[in-house]
Amino acid sequence: GLPDAGAPFGCGADDAATHLRTIFHRMGFNDQEIVALSGAHTLGRAFKERSGTVSEGYGEASACPYTKSVGLCPVRLDGKPGVGMPGGKSWTKTWLKFDNSYFKEYAEQDPNLLWLATDRALHTDPEFKKSFVIYKEDEAAFFKDYAAVHKKLSELGSKFSPEGGISID
């Protein structure tokens, strides 16, 4: 689905909700867990140069209002300006703070935020929306469920091809 992260998706799905289920159900995740994992988008940003999903790229001139080195993202506890390397487009206004803002802030409300078709599906698909609304209203529930599903994802491990990995002589 990249660079636009939309249909047609690489898994063959015609819509974002089906795509998410195709990818995550085969790994043993249910709809609630998919929504909880997606809440990780409360952190971070995307760059034109890396994924092509956004027009915002590296540097101050290409940053959205929330990813500029000085601007609308109050992320430093010491109150000083700076967000590391400026640029890109974030899913949330305070993209360096882990909270439930991903479920509260989205592009339909603020066009300066990144919101892909898969993000949109989480609050429009009837089954995904049930968990989305819970996490929007209850940060503690999101933290509890996210911790459990992040652990589950981590414990799945990785499969390497070729088996045993590669070696560099």
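Residues numbered from 1 in each chain as written. Predicted model: local features only at pLDDT ≥ 70, side-chain atom pairs only at ≥ 80, totals over all residues. Heavy atoms only, no water.

Asker: How should the pattern of salt bridges be read in this particular structure?
Answerer: Between side chains of opposite charge, pairing is possible as soon as their charged atoms come close. All chains considered together, the criterion is met by seven salt bridges. Taking the shortest distance from any N to any O, the salt bridge between K152 and E33 comes out at 3.1 Å. Taken together, the residues K152 in helix α5 (residues 139-155) and E33 in helix α2 (residues 31-38) connect sequence positions 119 residues apart. Residue class for K152 comes out partly exposed when judged on its relative accessible area of 29%. For E33, a relative accessible area of 13% puts it in the buried group. Residue E127 is joined to K130 by a salt bridge in which the shortest nitrogen-to-oxygen separation is 3.1 Å. You can see E127 and its partner K130 sitting in helix α4 (residues 126-137), three residues apart, about one turn around the helix. (Salt bridge = Lys/Arg side-chain N within 4 Å of Asp/Glu carboxyl O. Helix = DSSP H or I, 4+ residues; strand = E, 2+ residues; numbered from the N terminus. Buried < 20%, exposed > 50% of the residue type's maximum accessible area, 1.4 Å probe, protein only.)

Asker: How should the packing of α4 against α5 be read in this particular structure?
Answerer: In a packed pair of helices, the relevant descriptors are the angle between the two axes and the axis-to-axis distance. Interaxial distance between α4 and α5 falls to 5 Å at its minimum, and their mutual angle equals 120°. Accordingly, the angle class assigned to the pair α4 and α5 is oblique. Here α4 contributes I134, Y135 and E137 to the contact with α5, which in turn contributes E139, A141, F142 and D145. Here the residues of the contact of α4 with α5 sort into four nonpolar, no polar and three charged. (Axes fitted to C-alpha atoms, helices over the stretch in contact; angles between N-to-C directions. Parallel < 35°, antiparallel > 145°, perpendicular 65-115°, else oblique. Contact = heavy atoms within 4.5 Å. Nonpolar A, V, L, I, M, F, W, Y, C, P; charged D, E, K, R; others polar.)

Asker: Got a minute to help me understand the nonpolar core in this structure?
Answerer: One broad rule of soluble globular proteins: the nonpolar side chains tend to lie buried together. Judged by nonpolar contacts, the single largest core of 28 residues is most densely connected at L122 and F132. Apart from residues no more than four positions distant in its own chain, F132 is found in contact with V35, Y102, F103, Y106, W115, L122 and H123. (Core = buried A, V, L, I, M, F, W, Y, C linked by side-chain atoms within 4.5 Å.)

Asker: Which parts of the structure should I look at to understand the packing of helix α3 (residues 117-124) against α4?
Answerer: Running from N to C, α3 and α4 cross one another at 85°; their axes reach a closest spacing of 5 Å. Taken together, the axis directions place α3 and α4 in an arrangement best described as roughly perpendicular. Across from A121, L122, H123 and T124 in α3, the residues of α4 making contact are P126, F128, K129 and F132.

Asker: So what exactly am I meant to see when it comes to α2 here?
Answerer: Because an α-helix packs 3.6 residues into every turn, residues spaced three or four apart end up facing the same way. Across the eight residues that make up α2, a large majority, seven, are buried. Here α2 has its buried residues at D31, E33, I34, V35, A36, L37 and S38. On its buried face, α2 is in contact with α1 (16-25), α3, α4 and α5. Two or three places before Q32, at the start of α2, stands the capping residue N30, its side-chain oxygen 3.1 Å from that residue's backbone nitrogen. (Polar contact = N/O pair within 3.5 Å; in protein donor to acceptor, adjacent residues only side chain to side chain.)

Asker: Can you help me understand the packing of aromatic side chains in this one?
Answerer: Centre distance and the angle of the planes are the two values used to describe a pair of aromatic rings. Applying the stated criterion across every chain, the model contains 13 aromatic pairs. Judged by centre distance (4.8 Å) and plane angle (40°), the rings of Y102 and W115 are tilted. Placement of the pair is Y102 in the loop between β2 (89-90) and α3 and W115 in the loop between β2 and α3, with a sequence separation of 13 residues. Residue Y102 is classed as buried on the basis of its relative accessible area of 0%. Ring centres 5.7 Å apart and planes at 50° place the aromatic pair F142 and Y146 in the tilted group. Taken together, the residues span about one helical turn, with F142 and Y146 both in helix α5 at a distance of four residues. Here F142 matches Y146 in class, with each residue buried. Each member of the aromatic cluster is reached from another via a ring pair, and the members are F98, Y102, F103, W115, F132, Y135, F142, F143 and Y146. Of note, R21 hangs over the ring of F128, and the distance from its end group to the ring centre comes to 4.1 Å. (Phe/Tyr/Trp six-rings, centres within 6.5 Å; stacked < 30°, edge-to-face > 60°. Lys NZ or Arg CZ within 6 Å of the ring centre and 35° of its normal.)

Asker: Help me out: how do you make sense of the environment of R45 in this one?
Answerer: Tracing the chain through its elements places R45 in strand β1 (residues 45-46). When its relative accessible area of 19% is taken as the criterion, R45 is described as buried. Among the polar contacts listed, one links the side chain of R45 to the backbone oxygen of G87, at a separation of 2.9 Å.

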